[in-house]
Each structure stands twice: as structure tokens, then as C-alpha cells.
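# Residue-level structural notes
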Amino acid sequence: QVQLVESGGGLVQAGDSLRLSCVVSGGAFSNYAMGWFRQAPGKEREFVAAIKWSNSSSYYGDSVKGRFTISRDNAKSTVYLQMNSLEPEDTDIYYCAASRVWSVPSQKDSYAFWGQGTQVTVSS
């Protein structure tokens, strides 16, 4: 079974940076497009960023564009989310997801496999 494990979350102050990691096992990582989503209590998961099967094409949600960067290392079966200039509004649980059949990068239904999430908390 494909398994995704996120790490790197934590408690930081506004303006700080974090880098999230997601390690994928149980499948050929290069076969998956990867995405990052985030979710606050009582809300739907929000699209953050996505990357195709290489680093050549990436996509971002409007709220994080210019601050976050997604990348992947196929040799390490890992996708990263570099988060800079963090704001209190970025406080959420962040999930990585994998897709083999990718239509709309921002649509959560495009992703078949999900990690357990990692908490990011940004204080004012």
C-alpha cells in the first residue's frame, strides 16, 4: 500500500520559515504527481501547492503564491514544501497527497493517497 508520511511542522512566529517533508513508500514515487493541502477545524481542505512528475511544472494556491515553494527529489521519494514569511492565517494541518491520474491539480479528488498530516501553528 502506498504510504505518505509528513514531517517538519511546528510552532513558529509570524515571519518565520518552515520546510515540510513528505516521504512516499509502497510505490514508484516518480509515477505520482504530488500535492500539498491544508485544513483548519471545521473547514474543507484547501489547495496549497502541487508538482508534476518532475520539478519542471508546479502550481500554487493564491494565498501562498510567492511565499511557498514545492519541490521533489525522486531519488529520495520525497516532496518538500518550503514555507517563508509565515502568517497566522497559515495555521493549519498540512497534508501531502499523491496522484497517478491527475486532472485538476487544485482539486482534492485528483489525489488517491494522503498522509496523516503535520501541524503548523503560526503565532502573531
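Residues numbered from 1 in each chain as written. Predicted model: local features only at pLDDT ≥ 70, side-chain atom pairs only at ≥ 80, totals over all residues. Heavy atoms only, no water.

### Focus on the confidence of the model for the chain
Taken residue by residue, the chain gives an average pLDDT of 94. The fraction at 70 or more is 99%. No element of the chain has a lower mean pLDDT than strand β6 (residues 58–60), at 95, and none a higher one than strand β2 (residues 10–13), at 98. (pLDDT = per-residue confidence, 0-100. Helix = DSSP H or I, 4+ residues; strand = E, 2+ residues; numbered from the N terminus.)

### Describing the nonpolar core
Core analysis: the largest hydrophobic core is formed by 26 residues, its most contacted members being M34, W36, L81, M83 and Y94. For this core, the secondary-structure elements that each account for two or more residues are β3 (18–25), β4 (33–39), β5 (46–51), β7 (68–73), β8 (78–83), β9 (92–99) and β11 (118–123). Broken down by element, the residue count for this core peaks at four residues, all from β3. A33, F37, W102 and Y111 belong to the second-largest nonpolar core, a separate cluster that totals seven residues. (Core = buried A, V, L, I, M, F, W, Y, C linked by side-chain atoms within 4.5 Å. Buried < 20%, exposed > 50% of the residue type's maximum accessible area, 1.4 Å probe, protein only.)

### A few points about the pattern of salt bridges
The full count for this structure, using the stated rule, is six salt bridges. Between R38 and E46 there is a salt bridge, with its nearest N and O atoms 3.1 Å apart. On the basis of relative accessibility, which here comes to 4%, the residue R38 falls in the buried class. Residue class for E46 comes out partly exposed when judged on its relative accessible area of 33%. Among the charged side chains, a salt-bridge network with shared partners connects R38, E46, R67, D90 and D92. (Salt bridge = Lys/Arg side-chain N within 4 Å of Asp/Glu carboxyl O.)

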